[in-house]
Every structure is written in C-alpha cells, then in structure tokens.
Amino acid sequence: MAPSISRASVLLTAAVLTLLFAVTPITCWRPWPHLNPNSSDLLYDSSKKFEGSSEFVHLRYHMGPVLTGNITVHTIWYGRWQKSQKKIIREFINSISAVHARRPSVAGWWRTVQLYTDQTGANISHTVQLGQEKNDRFYSHGKSLTRLSIQSVIRSAVTAKSKPLPINPRNGLYLLLTSDDVYVQDFCGQVCGFHYFTFPSIVGYTLPYAWVGNSAKQCPGVCAYPFAVPEFRPGWKALKSPNGDVGVEGMISVIAHEIAELATNPLVNAWYAGQDPSAPVEIADLCEGIYGTGGGGSYTGQMLTDHDGATYNMKGIRRKFLVQWIWNHLVSYCTGPNALDQ
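Keep in mind the model is a prediction, meaning the values are calculated, not measured.

Caption draft 1: Quick peek at the pattern of salt bridges. In the structure shown here, the tally under the stated rule is eight salt bridges. Of the charged contacts in the structure, one is a salt bridge between Arg90 and Glu133, with a shortest N-O distance of 2.8 Å. A residue pair is termed long-range when its members are at least 10 positions apart, and Arg90 in helix H3 (residues 83-95) and Glu133 in strand E3 (residues 128-136) qualify at 43 residues. The shortest N-O distance in the salt bridge between Glu91 and Arg318 comes to 3.5 Å. Of this pair, Glu91 sits in helix H3 while Arg318 sits in the loop between strand E12 (314-315) and strand E13 (320-321); the two residues are 227 residues apart in sequence, bridging distant segments of the chain. The exposure class of Glu91 is buried, given its relative accessible area of 5%. Within this structure, Glu91, Arg318 and Arg319 form a network of salt bridges that share partners.

Caption draft 2: Looking closely at the side chain of Gln151. Here Gln151 shows up in helix H5 (residues 147-159). From its side chain, Gln151 meets the backbone nitrogen of Phe199 in a polar contact 2.7 Å long. Aside from chain neighbours lying at most four places away, what touches Gln151 is Phe197, Thr198, Phe199, Ile202, Val203 and Tyr209.

Caption draft 3: Expanded view of the pairing of strand E8 (residues 208-213). In terms of burial, E8 is largely enclosed, as six of its six residues are buried. Here E8 shows a buried face lined by Pro208, Ala210 and Val212 and a second buried face lined by Tyr209, Trp211 and Gly213. Here strand E5 (residues 172-178) pairs with E8 via five bridges, running parallel. The residue bridging Leu176 from the neighbouring strand is Trp211, located in E8. Two strands pair when backbone bridges link them, and strand E7 (residues 193-197) and E8 are joined in this way by five bridges, in the antiparallel orientation. Paired with Tyr196 across the strands is Tyr209, a residue of E8.

Caption draft 4: Broad picture of the nonpolar core. Counting 81 residues, the largest nonpolar core has Ile89, Phe92 and Trp110 as the members making the most contacts within it. In terms of residue count, the dominant contributor to this core is helix H7 (residues 246-264) (ten residues). The residues contacting Trp110, other than those within four sequence positions of it, are Ile71, Ile96, Ile124, Ser125, His126, Val128, Ile259, Ala260 and Ala263.

Caption draft 5: Layout of the packing of helix H4 (residues 106-114) against H7. Contact pair H4 / H7: the axes reach a minimum separation of 10 Å and the direction vectors enclose 30 degrees. For the element pair H4 / H7, the angle class is roughly parallel. Note on packing geometry: the crossing formed by H4 with H7 is right-handed. Where H4 abuts H7, its residues Trp109, Trp110 and Val113 lie against Ala256, Ile259, Ala260, Ala263 and Thr264. Residue composition of the contact of H4 with H7, by class: seven nonpolar, one polar and no charged.

Caption draft 6: Region of interest: the state of the cysteines. Considering all chains together, one arrives at three disulfides under this definition. Two residues, Cys188 and Cys219, share a disulfide whose sulfurs are 2.1 Å apart. Across the S-S bond linking Cys188 and Cys219, the dihedral sits near -75 degrees, which makes this disulfide left-handed. Taken together, the positions of Cys188 in the loop between strand E6 (183-184) and E7 and Cys219 in the loop between E8 and helix H6 (220-223) put the pair 31 residues apart, joining distant regions of the chain.

Caption draft 7: Structural context of the packing of H3 against H7. Two elements in contact, H3 and H7, have axes whose closest approach is 10 Å; the angle formed by their N-to-C orientations is 30 degrees. Taken together, H3 and H7 sit at an angle that is classed as roughly parallel. Crossing angle aside, the handedness with which H3 passes H7 is right-handed. Here H3 contributes Gln85, Ile88, Ile89, Phe92 and Ile93 to the contact with H7, which in turn contributes Val248, Met251, Ile252, Ile255, Ala256 and Ile259. Residue classes in the contact of H3 with H7 are distributed as ten nonpolar, one polar and no charged.

Caption draft 8: Expanded view of the sheet that holds E7. One open sheet accounts for five strands, arranged E3-E2-E5-E8-E7; its pairing is mixed. The open sheet has two edge strands, E3 and E7, and neither has a second partner. Across this sheet, the average inter-strand angle for adjacent strands is 20 degrees, counted without regard to direction.

Caption draft 9: Summary view of unusual backbone geometry. The omega torsion of the bond from Arg103 to Pro104 falls at -10 degrees, within 30 degrees of zero and hence cis. Along the chain, Pro104 falls in the loop between H3 and H4. Here the bond from Tyr225 into Pro226 is cis, since omega is 10 degrees, no more than 30 degrees from zero. Following the sequence through the fold, Pro226 ends up in the loop between H6 and H7. At Asp186, a residue that is not glycine, the phi angle is positive and equals roughly 75 degrees.

Parameters at a glance
- Residues numbered from 1 in each chain as written.
- Predicted model: local features only at pLDDT ≥ 70, side-chain atom pairs only at ≥ 80, totals over all residues.
- Heavy atoms only, no water.
- Salt bridge = Lys/Arg side-chain N within 4 Å of Asp/Glu carboxyl O.
- Helix = DSSP H or I, 4+ residues; strand = E, 2+ residues; numbered from the N terminus.
- Buried < 20%, exposed > 50% of the residue type's maximum accessible area, 1.4 Å probe, protein only.
- Polar contact = N/O pair within 3.5 Å; in protein donor to acceptor, adjacent residues only side chain to side chain.
- Contact = heavy atoms within 4.5 Å.
- Pairing = 2+ DSSP bridges.
- Core = buried A, V, L, I, M, F, W, Y, C linked by side-chain atoms within 4.5 Å.
- Axes fitted to C-alpha atoms, helices over the stretch in contact; angles between N-to-C directions.
- Parallel < 35°, antiparallel > 145°, perpendicular 65-115°, else oblique.
- Left-handed = near helix turned anticlockwise from the far one by under 90°.
- Nonpolar A, V, L, I, M, F, W, Y, C, P; charged D, E, K, R; others polar.
- Disulfide = S-S within 2.5 Å.

What follows is the structure, given as structure tokens:
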C-alpha cells in the first residue's frame with residue numbers, strides 16, 4: 001500500500017492552491033484543426049473545463065481493479081529512435097518514484113494518483129519502475145498501424161523468440177511508442193495517444209497498455225503543443241522546450257496522462273466519470289490542457305521559466321518536464337505537484 005496521506009492535509013493544502021478506451025481519443029485541450037477560430041472553442045474548448053470545475057463532474061469508482069502493487073512499465077520502441085530521445089522518456093518514468101527530487105517534482109504530481117483506492121481501500125502504488133524494453137527498429141508491422149495492429153505489435157513483443165517482454169497482467173503496463181515516421185489510425189486528427197487492454201484473442205493475455213506517438217514530423221502544433229503551434233494559428237508563439245526535443249516533449253505529457261489513467265482505470269471499469277464505459281472521462285481528461293494554477297480552456301495556467309527561457313512545471317531526477325495536472329477526487333478539482341509535494 002502506498003504511504004497514507006490524510007484527507008485533512010489534502011483538503012488544507014489544496015484549498016490554498018487556486019484518451020483512453022480504444023475508440024475514444026485522449027481529450028486534453030489541444031489546437032485541433034476542427035476548432036472554429038472565431039468561436040469560444042479557442043478560449044474554453046467545447047467542454048468548458050477549467051481548473052476549479054466541479055459542479056458537473058461525477059467521477060465515480062466502478063469497483064474494478066486499480067494498480068496497488070509496484071507498477072512496472074515495459075516499453076516497446078517501434079521504429080527508429082535516437083539514444084537521446086530514449087533517455088528523456090526513461091528519466092521521466094524513473095522520476096515518478098524519485099521522492100527526493102527537487103520540488104515541484106514529478107513524484108509530487110504522482111501523489112495525486114496515489115490518492116485513488118480499490119475496494120479494499122488500498123492506494124495505488126507509489127512505485128513506478130522501468131521494466132524490460134523491446135526494440136522494433138525494422139517496423140515489423142509496417143509504418144501504418146491501426147488500433148488493432150497495435151495489439152499485434154504488443155503480441156510480437158511478448159512472444160518473441162529472443163528476449164520477449166515478460167507477461168505481467170497484474171502490475172505491468174505495456175507502453176508502445178512509435179517514432180516520428182509511423183502513422184497510427186486517428187493520430188493528429190483525433191488522438192495523440194490512448195490506452196486500453198489487449199484482447200486474449202490477439203495477444204493471448206489481457207494486458208493494460210498505452211500507445212503514444214512522436215508527432216514531430218506529422219503534427220507538432222497539435223500533439224506537441226505548447227512547444228509547437230499549428231500553421232493555421234499564425235499569431236501564436238511556441239514555448240521553448242526544457243529538453244530540446246519538441247516531439248518527445250509533447251510525448252512526455254501524453255505518457256504521463258496515460259500512465260495515470262492506466263493506474264486508476266486499467267480495465268476501464270474502475271475510476272471514471274460518465275455512464276458509458278466505452279467513452280469514459282478519466283482523471284487526466286478532467287484536467288484538459290491544465291499545467292498550472294489558473295489554467296483552463298486554451299490558457300495553460302501559471303508555469304515556470306528556466307534560466308535559458310525554457311518552460312516547465314515540474315522537476316525530475318536531473319531534467320525538467322511540462323506535464324498536465326490531474327483530477328483530485330478528494331477536493332474535486334485539478335492539482336499539480338505543489339499540492340502534495342512534501
């Protein structure tokens with residue numbers, strides 16, 4: 001069980017601080033091409049979500065399992081990846097459990113995820129660790145993937161004759177990352193990433209997984225926003241990324257989004273809002289595009305600026321990152337690392 005955090009302390013500290021299923025896209029706010037430039041969508045998006053919104057949010061626990069044991073992330077690198085890109089992503093995942101990192105920290109951000117429990121009252125684990133990795137640099141299933149063929153890539157990784165990924169349906173998460181030259185169904189138009197679980201008929205096991213793509217060559221202005229802006233928004237200015245790789249920087253926040261939701265809703269029957277499990281609104285969806293205090297709509301909120309002008313909102317072991325806030329069900333609004341970073 002994760003270290004307990006008293007409800008009273010959460011309420012006190014938070015009070016002073018101002019996609020998913022296989023057919024449902026990740027819904028954090030992004031400058032999608034379909035948004036009307038002359039409408040309120042650019043200010044609030046169609047959902048009208050903002051940092052303190054709780055009036056219409058009905059996040060409920062649906063009695064399914066959550067990840068209370070030590071979480072192991074097994075990564076599949078699909079396509080060609082630079083060593084520097086892998087280092088950035090690995091450090092972010094390792095930073096989730098780096099409790100001694102400087103504040104505001106990635107570990108402090110994860111503490112909000114730890115507040116969620118299962119039927120027995122056991123908290124989600126505070127430990128998230130890198131597991132084994134699999135490189136698929138020769139595009140074994142081609143450079144154009146569908147949602148179902150993504151599961152076939154995972155099957156290849158766990159059934160490989162040489163160094164297969166371990167089967168861990170209880171506490172393992174399988175993270176499929178596609179390089180910037182791989183097209184995935186609905187990528188850029190509707191999704192930047194999503195999570196679900198594998199079908200035994202395809203993979204042989206039920207395994208929670210997420211896919212996230214590198215948008216650097218396809219749609220950085222959408223999936224790497226705000227470190228890139230779309231061409232159809234000429235008046236917008238991109239922010240400087242903290243690690244010098246816009247595509248990977250965009251992936252970091254989506255990876256964080258998906259890992260948080262996999263931990264709290266791995267089989268799409270645990271923590272979510274709405275009546276339809278085929279289109280759940282989950283703990284990261286409820287904080288669409290919010291990266292700091294005051295955030296909402298297309299305003300990201302108050303963020304931090306490094307000495308070199310780069311923008312970030314939390315610190316890892318050695319690097320800095322920009323990661324979306326997540327929903328705190330105890331206080332019914334979005335919180336970041338400062339709320340519980342002790």
